[in-house]
Amino acid sequence: YRKSVLGEIKAERLEQATSLFAQIPLLIEWQPGVLVATSKWAERLKMRNAYDASYLAVAETRGVPFVTFDQELIRKAKPHYRHVWSVESFLHSELA
């Protein structure tokens with residue numbers, strides 16, 4: 001939503017991303033090791049908080065793609081986890 005408000009993406013892209021997001025099963029069980037992985041991600045990427053690191057940790061722990069609009073986060077995380085995607089790239093991939 002924020003990217004749409006800032007004019008960085010068009011409304012149709014927001015709708016596609018929202019639709020994709022709605023298809024993701026978001027019932028997440030806290031698994032052993034996720035907190036440790038969160039801390040490692042935050043340290044590895046020199047993050048000020050653990051918010052984004054926790055999503056990366058869950059994706060890595062579950063072996064699923066991490067999809068975001070945040071280009072800087074993609075740039076930092078991609079060398080460490082090959083399943084990091086921009087929303088745009090993911091929507092055009094075979095995985096979507």
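Predicted model only: the values in this text are computed from it and were never measured.

What follows covers the packing of aromatic side chains. Summed over all chains, the structure comprises two aromatic pairs. Plain terms: the ring middles of Y51 and Y55 are 5.3 Å apart, the flat faces sit at 75 degrees to each other, and that makes the pair edge-to-face. Within this pair, Y51 and its partner Y55 are both found in helix α4 (residues 51-62), separated by four residues, close to a single helical turn. In this structure Y51 comes out as exposed when scored by relative accessible area, which is 53%. By relative accessible area, which is 43% here, Y55 ends up partly exposed. Both rings, one in W85 and one in F90, keep their centres 5.8 Å apart while their planes meet at 80 degrees; by these two values the pair is edge-to-face. Among the residues examined, W85 registers a relative accessible area of 22% and is labelled partly exposed.

On to helix α3 (residues 34-44), then. For α3, the complete set of buried residues consists of V34, A37, T38, W41 and A42. Taken down its axis, α3 places every buried residue within 135 degrees of arc, on the same side. Relative to its buried face, α3 has exposed residues pointing more than 90 degrees away, namely L35 and E43. Buried residues along α3 sit in contact with α4 and α5 (71-77). Positioned one or two residues after α3, K46 has a phi angle of 55 degrees, which is positive.

By volume, the second largest pocket amounts to about 200 Å³. For the second largest pocket, the full set of lining residues is M47, R48, N49, Y51, D52, D70, E72, L73 and K76. Here the lining of the second largest pocket takes three residues from α5, the largest share from any one element. Looking at the lining of the second largest pocket, its residues break down into three nonpolar, one polar and five charged.

To continue, consider the side chain of T38. Position of T38 among the secondary structure elements: in helix α3. Accessibility expressed as a relative area gives 6% for T38, which makes it buried. If we ignore the near neighbours within four places in the chain, the residues touching T38 are A50, A53, S54 and A57.

Counting 17 residues, the largest nonpolar core has W41, L45, M47, L56 and V84 as the members making the most contacts within it. Listed by contribution, the elements that provide at least two residues to this core are α3, α4 and α5. Sort the elements by how many residues they give to this core and α4 lands first, with five residues. Apart from residues lying up to four places away in sequence, V84 is in contact with L56, F66, I74, A77 and K78. Grouped together as the second largest cluster of nonpolar side chains are five residues, L20, V87, F90 and L91 included.

What counts, and at which threshold
- Residues numbered from 1 in each chain as written.
- Predicted model: local features only at pLDDT ≥ 70, side-chain atom pairs only at ≥ 80, totals over all residues.
- Heavy atoms only, no water.
- Phe/Tyr/Trp six-rings, centres within 6.5 Å; stacked < 30°, edge-to-face > 60°.
- Helix = DSSP H or I, 4+ residues; strand = E, 2+ residues; numbered from the N terminus.
- Buried < 20%, exposed > 50% of the residue type's maximum accessible area, 1.4 Å probe, protein only.
- Arc of directions from axis to C-beta.
- Contact = heavy atoms within 4.5 Å.
- 1 Å grid on protein atoms, 1.4 Å probe; cavity = no way out; pocket = protein on both sides within 12 Å on 5 of 7 lines; lining within 4 Å.
- Points joined across faces, edges and corners; volume = space filled by probe spheres on them.
- Nonpolar A, V, L, I, M, F, W, Y, C, P; charged D, E, K, R; others polar.
- Core = buried A, V, L, I, M, F, W, Y, C linked by side-chain atoms within 4.5 Å.

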